[in-house]
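Coordinate analysis (summary)
This is what each chain is made of:
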Amino acid sequence: MRVLITTILVSGLIALSACTQPSSTGQVNTADDFSCANDPSWTTPQEPLRIYGNTWYVGPRGLTVLLITAPTGDVLIDGGVPGHTSLIEANIQNLGIHLRDIKWILNSHAHCDHAGGIAQLAHDTGAQVIANAEDTPLLARGGHDDPEYGDRFRFPPVDVSRSVTDGESLHLGNLVLTAYSTPGHTKGNTTWTWTSCEGGRCLHMVDIGSLSAPDFKLIGNPKYPDVVKDFESSFAKVAALSCDIALGPHPEMVNFWERVTKREQGDADALIDPTGCRAYAADARENFEAQLAKQRADAALKK
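Structure report, in brief. Quantities reported herein were computed from a predicted structural model and do not represent experimental measurements.

So, about the pattern of salt bridges. If you walk through the whole model with that rule in mind, you get 7 salt bridges. In this structure, the salt-bridge partner of arginine 259 is aspartate 273, at a minimum N-O distance of 3.4 Å. One end of the pair, arginine 259, is in helix α7 (residues 256-264); the other, aspartate 273, is in the loop between α7 and α8 (276-302), with 14 residues separating them in the sequence.

As structure tokens, this is what we get:
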């Protein structure tokens, strides 16, 4: 089942066929009325890439979808945009993994660019969907009545099999993933951590939940009155995590592709940076505080 993974680890060569189409037993409603704000990279094919040990990048170029393999079953984190799961599924299958080997699908947060393909992936893999309890209702509504975006960015509703809370650990054999609630971007925005090992060296992997507030109403939002407090606590929580390789729902959050290029050029540890989580949290906090100050200034002018 995983013979091809061993071959890829040895050769470092991964061939992605543009014609590969994964088998599917049905189709979840991904009609055109599910619009998702995007840029072209969010659906641009990207060959699967081993990040470290049993952690793989299997998403499109501009949206992180992670595969974590284990003898007792595999785990996906996030599902890209609606209608484009064939790319993710092809990447998984090109690693020699059957879709039914996926046991869990975790979600970072309930926005269409990360949760949009989860319903289809869950259907095709038979996997359980696991998400933060605070985002579970928004996932079930398919993004309807989002506290910041309203109905602008809907997606196929997701049936969450298990809801988790802050600090809860999930065990799949020897694979342990821990959910840290980092609210703000959504009420249930989640940072996931686990350990990946390679050649006897084990590293702390952190998929940081988004800490940005694009077009957010940070002052006087009745649907999310605690948004500022939540962001502030999340910056501190992410900065404090043990973090050897920082990842994020958008690769540019952590300069992922720049680091991959450096690794390909000979810097074997280019993806490893124990300051990565702190650095991202600091940058996000700076941007957030500037955005908040502007909104406060604008509000003061209107009084």
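That covers the picture; the talk isn't over yet.
What follows concerns the packing of aromatic side chains. In this structure the tally under the stated criterion is 9 aromatic pairs. What links up through ring pairs into an aromatic cluster is the set Tyr149, Phe153, Phe216, Phe231, Phe235 and Phe288. Taking the ring centre of tryptophan 257 as reference, the NZ or CZ of arginine 61 above it sits at 4.0 Å. The lysine or arginine in question, lysine 187, covers the ring of tyrosine 224, its NZ or CZ lying 5.3 Å from the ring centre.

A few words on the sheet that holds strand β8 (residues 169-172). As summarised here, the arrangement of the 5 strands in space is β8-β9-β10-β11-β12, forming an open sheet in which the pairing is mixed. Both outer strands of the open sheet, β8 and β12 (245-247), are each paired with one neighbouring strand and no more. For this sheet, the mean inter-axis angle between neighbouring strands, taken without regard to orientation, is 20 degrees.

Helix α4 (residues 118-125) packs onto helix α2 (residues 85-94) with a crossing angle of 40 degrees between their chain directions and a minimal axis gap of 10 Å. Taken together, α2 and α4 sit at an angle that is classed as oblique. Of the two elements, α2 crosses α4, and the hand of that crossing is right-handed. Along its contact with α2, which presents Thr85, Ile88 and Glu89, the element α4 presents Gln120, Leu121 and Asp124.

So, how was this worked out
Numbering of residues begins from 1 in every chain and follows the order in which that chain's sequence is written. Local features in this predicted model are restricted to residues of pLDDT 70 or higher, and side-chain atom pairs are both shown and tallied only at a pLDDT of 80 or more, whereas totals for entire chains, interfaces and linings draw on every residue. The basis for every side-chain value is the complete set of heavy atoms in the structure, and neither hydrogens nor water enter the calculation. Salt bridges are counted wherever a side-chain nitrogen of Lys or Arg sits within 4 Å of a carboxyl oxygen of Asp or Glu. Strands here are runs of E lasting at least two residues and helices are runs of H or I lasting at least four, both read from the DSSP assignment and numbered beginning at the N terminus. The criterion for an aromatic pair is that two Phe, Tyr or Trp rings (for Trp, the six-membered ring) have centres within 6.5 Å, with stacked assigned to planes under 30 degrees apart, edge-to-face to planes over 60 apart and tilted to the rest. A ring is considered to have a charge above it if a Lys NZ or an Arg CZ atom is located within 6 Å of its centre and within 35 degrees of its normal. Pairing between strands requires that DSSP locate at least two bridges from one strand to the other. Between N-to-C directions, angles cover 0 to 180 degrees, with each direction set by a line fitted to C-alpha atoms, over the stretch in contact for helices. If an angle is under 35 degrees, it is roughly parallel; if it is over 145, roughly antiparallel; if it lies from 65 to 115, roughly perpendicular; otherwise it is oblique. Handedness of a helix crossing follows the sense of rotation of the near helix relative to the far helix, less than a right angle counterclockwise being left-handed and clockwise being right-handed. Contacts: residue pairs with any heavy atoms within 4.5 Å of one another.

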